[in-house]
Amino acid sequence: MQEELIMPSDYLTTAMVVATAEGDTLVFLDMGGFESLVGLEIPVSYSLQQGDQLLVCFDCTTHQGPIPLYDLTALPSEVEFARLQLEKYLPDPYINPAATYQMRREDGTLGDYYSNVENLIADSTRMASGFFSYGVVTKWHPQLRNREVLEQLLNDEID
């Protein structure tokens with residue numbers, strides 16, 4: 001385990017970076033209180049929590065190349081394809097080209113999707129004209145499940 005200062009999305013925080021026995025690296029944002037465990041081999045139990053959905057391509061049936069995630073704590077899903085129509089475009093007032101796309105699914109339900117793909121902004125009028133195929137990636141975040149065990153390790157270390 002190590003402590004790392006990161007800027008995952010739009011906030012600056014101290015994160016807990018854990019290298020698993022399988023060689024994976026996980027980043028937890030709930031570092032609070034565990035700083036004294038840095039450098040130790042500790043048991044970590046976690047689950048993945050679903051986060052935002054990102055539009056990674058427009059009018060597409062395949063997607064090639066890496067997926068640009070600016071949130072260092074997130075794990076991307078595989079690209080899935082869905083037919084969506086733009087209902088409302090909400091530009092981000094601070095980060096260009098970040099934006100929210102309220103999209104209508106073929107079953108009539110609405111969902112919020114996000115994107116940092118620059119050419120989607122220029123296509124927003126066309127996106128509203130009908131249903132198109134979009135590449136969608138879901139961001140997943142690891143959440144600690146054994147906080148009590150780690151707190152007990154802290155108490156044992158203090159005693």
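In this text the structure is predicted, and so the values were computed from the model without any measurement.

Caption draft 1: Molecular detail of the confidence of the model for the chain. This prediction gives the chain a mean pLDDT of 81; 84% of its residues lie at or above 70. At the level of individual helices and strands, the chain shows its lowest average pLDDT in strand β1 (residues 2–6), which scores 53, and its highest in strand β6 (residues 80–91), which scores 93.

Caption draft 2: The nonpolar core, seen in detail. Counting 13 residues, the largest nonpolar core has Leu 55, Leu 84, Tyr 101, Met 103, Met 127 and Tyr 134 as its most contacted members. Breaking this core down by element, the ones donating at least two residues are β4 (46–58), β6, β7 (99–105) and β9 (132–144). Filtering out sequence-adjacent residues up to four positions away, Met 103 remains in contact with Leu 55, Leu 84, Gln 85, Leu 86, Glu 87, Thr 109, Leu 110, Gly 111, Tyr 113, Met 127 and Tyr 134. Membership of the second largest hydrophobic core comes to 10 residues, among which are Val 18, Leu 37, Ile 42 and Leu 144.

Caption draft 3: View of the state of the cysteines. With the rule as written, the count across this model stands at 1 disulfide. Residue Cys 57 pairs covalently with Cys 60 via a disulfide, S to S 2.0 Å. A torsion of 75° about the S-S bond marks the disulfide between Cys 57 and Cys 60 as right-handed. For Cys 60, a relative accessible area of 10% gives the class buried.

Caption draft 4: Quick look at the side chain of Ser 77. Note that Ser 77 resides in the loop between β5 (75–76) and β6. By relative accessible area, which is 18% here, Ser 77 ends up buried. Residue contacts for Ser 77: discarding those within four places in its chain leaves Ile 67, Val 137, Thr 138 and Trp 140.

Caption draft 5: Highlighting the pattern of salt bridges. Applying the stated criterion across every chain yields a total of 5 salt bridges. The salt bridge partner of Arg 126 is Asp 59, with a shortest N-O separation of 3.0 Å. Taken as a pair, Arg 126 in helix α2 (residues 124–127) and Asp 59 in the loop between β4 and β5 lie far apart in primary sequence, 67 residues in all. Taking relative accessible area as the criterion, Arg 126 reaches 41% and is therefore assigned partly exposed. Classification of Asp 59 by relative accessible area gives partly exposed; the value is 41%. A salt bridge links Glu 87 to Arg 104; the nearest nitrogen and oxygen atoms lie 3.1 Å apart. Of this pair, Glu 87 sits in strand β6 while Arg 104 sits in strand β7, and the two are 17 residues apart along the sequence. Take Glu 87: its relative accessible area is 42%, and that puts it in the partly exposed class. Here Arg 104 falls in the partly exposed class, since its relative accessible area comes to 25%.

Caption draft 6: View of the pairing of β6. As paired elements, β6 and β9 share 5 bridges and run antiparallel to each other. When the sheet's bridge partners are listed, Ala 82 is paired in β9 with Tyr 134. Bridge count for β6 against β7 is 7 bridges, and the pairing is antiparallel. Of the residues in β7, the one forming a bridge with Leu 86 is Met 103.

Caption draft 7: Structural context of the environment of Val 44. Along the chain, Val 44 falls in the loop between β3 (25–28) and β4. Placed 105 residues apart in sequence, Val 44 and Val 149 show a C-alpha to C-alpha distance of 8.7 Å.

Caption draft 8: Broad picture of the packing of aromatic side chains. Under the counting rule described, the total for this entry stands at 3 aromatic pairs. Aromatic side chains Phe 58 and Phe 132 sit 5.2 Å apart centroid to centroid with 70° between the ring planes, which places their arrangement in the edge-to-face category. Of this pair, Phe 58 sits in strand β4 while Phe 132 sits in strand β9, and the two are 74 residues apart along the sequence. Phe 132 gets classed as buried once you look at its relative accessible area, which sits at 15%. Here the aromatic residues Phe 58, Phe 132 and Tyr 134 are joined through ring pairs into a cluster of three or more.

The rules behind each value
Residues numbered from 1 in each chain as written. Predicted model: local features only at pLDDT ≥ 70, side-chain atom pairs only at ≥ 80, totals over all residues. Heavy atoms only, no water. pLDDT = per-residue confidence, 0-100. Helix = DSSP H or I, 4+ residues; strand = E, 2+ residues; numbered from the N terminus. Core = buried A, V, L, I, M, F, W, Y, C linked by side-chain atoms within 4.5 Å. Buried < 20%, exposed > 50% of the residue type's maximum accessible area, 1.4 Å probe, protein only. Contact = heavy atoms within 4.5 Å. Disulfide = S-S within 2.5 Å. Salt bridge = Lys/Arg side-chain N within 4 Å of Asp/Glu carboxyl O. Pairing = 2+ DSSP bridges. Phe/Tyr/Trp six-rings, centres within 6.5 Å; stacked < 30°, edge-to-face > 60°.

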